[in-house]
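So you can see what is in the structure, the chains are spelled out below.
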Amino acid sequence: MPGIVAGKNLLITGVLTDASIAFHVAALAQREGAKVVLTGHGRLGLVERIARRLPEPAPVIELDVTDRAHLDPLAERAGELLGGPLDGVLHAIAYAPPAALGGNFLTTSWEDVATTLRVSAHSLHALTTALLPILAPASSVVALDFDAGKACPGYGWMGVAKTALESCARYLAAALGGRGVRVNLVAAGPLSTVASRAIPGFDGLGTRWGARAPLGWSTGDHSSVARACVTLMSDWLPATTGEIVHVDGGAHVIAQAIA
């Protein structure tokens, strides 16, 4: 039986190690029949090695989402590697300097705030518009989110950036609906990744999250988030856009803040 993304061309950002959420999305997408190209920034050799651990080795494009020299040729390069139009995009890009995390909210410099917002929120706009020339009708853009409806002290300015990301996704959904392009977010519960280990207090957050989530939660299980992302990039939700799909064990329905 064909997979739910059989025959689709997908571009996946954010793979750094095989613990990355994006790695699990890419692996599941391949198992469900998609052709995948990855992007990487900085430690490109590491990303290329990790790409060979996927069910099918995937090509890697170097991409700094703050650099027009990388963004401008992205559509052409992805189209060449995939051999056709792009059906789905995973935005799994976020970064905050250490001074923008933890208990530094009141003293973080504008320079560090600006970096956090540009890389973690504006990059969704930059990536999507760069790829517009090859986005197929009925294509899907999915971005990874973390519920920004509550203040999480260790998250600092990244929490603000996630709020901006959510707003950006809504505006993109409105602007691109006429082209048939869907834009949605997956708000994941805390998962153990290289990025999450940089967040002060992450271990305690994961423990408390599991205790409060009605369905329970494991910081080491990426499969539910991967399934949600791949489903959104399939044809199964053709009339869903501008949505935030919570994959967090149900913790977001609990009134008491998790912090």
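Residues numbered from 1 in each chain as written. Predicted model: local features only at pLDDT ≥ 70, side-chain atom pairs only at ≥ 80, totals over all residues. Heavy atoms only, no water.

Participant: Kindly report on the sheet that holds strand β7 (residues 244–247), identifying the contributing residues and their values.
Facilitator: Spatial ordering of the open sheet is given by β3-β2-β1-β4-β5-β6-β7, a layout of seven strands whose pairing is parallel. Two strands bound the open sheet, and with one partner strand each, they are β3 (60–62) and β7. Sheet twist, expressed as the average angle between the axes of neighbouring strands with direction ignored, equals 20 degrees. In this sheet, strand β4 (residues 86–91) lies alongside strand β1 (residues 9–12) in parallel orientation, the contact comprising three bridges. (Pairing = 2+ DSSP bridges. Helix = DSSP H or I, 4+ residues; strand = E, 2+ residues; numbered from the N terminus. Axes fitted to C-alpha atoms, helices over the stretch in contact; angles between N-to-C directions.)

Participant: Provide a residue-level description of the packing of helix α1 (residues 21–31) against helix α8 (residues 223–232), including the pertinent values.
Facilitator: Contact geometry for α1 and α8: axes closest at 9 Å, N-to-C directions at 55 degrees. Relative to α8, the element α1 lies oblique. In this structure, α1 crosses over α8, and the sense of that crossing is right-handed. Contact residues: Ile21, His24, Val25, Leu28 and Ala29 in α1; Val225, Ala226, Arg227, Cys229 and Val230 in α8. A per-class count over the contact of α1 with α8 returns eight nonpolar, one polar and one charged. (Parallel < 35°, antiparallel > 145°, perpendicular 65-115°, else oblique. Left-handed = near helix turned anticlockwise from the far one by under 90°. Contact = heavy atoms within 4.5 Å. Nonpolar A, V, L, I, M, F, W, Y, C, P; charged D, E, K, R; others polar.)

Participant: If you had to explain the nonpolar core to someone new, which residues and values would you point to?
Facilitator: Among the nonpolar cores identified, the biggest contains 52 residues, and Ile12, Val25, Leu38, Leu90, Val186 and Val225 are the most heavily contacted of them. Of all the secondary-structure elements, those providing two or more residues to this core are β1, α1, β2 (35–40), α2 (44–51), β5 (135–145), α6 (157–176), β6 (182–188) and α8. Tallying contributions element by element places α1 first for this core, with eight residues. Those residues in contact with Leu38 that sit more than four places away from it in its chain are Ile12, Val15, Ala26, Ala51, Leu54, Ala58, Pro59, Val60 and Ile61. In terms of nonpolar packing, the next biggest core, distinct from the first, is built from 34 residues, Val65, Ala75, Leu86 and Val181 among them. (Core = buried A, V, L, I, M, F, W, Y, C linked by side-chain atoms within 4.5 Å. Buried < 20%, exposed > 50% of the residue type's maximum accessible area, 1.4 Å probe, protein only.)

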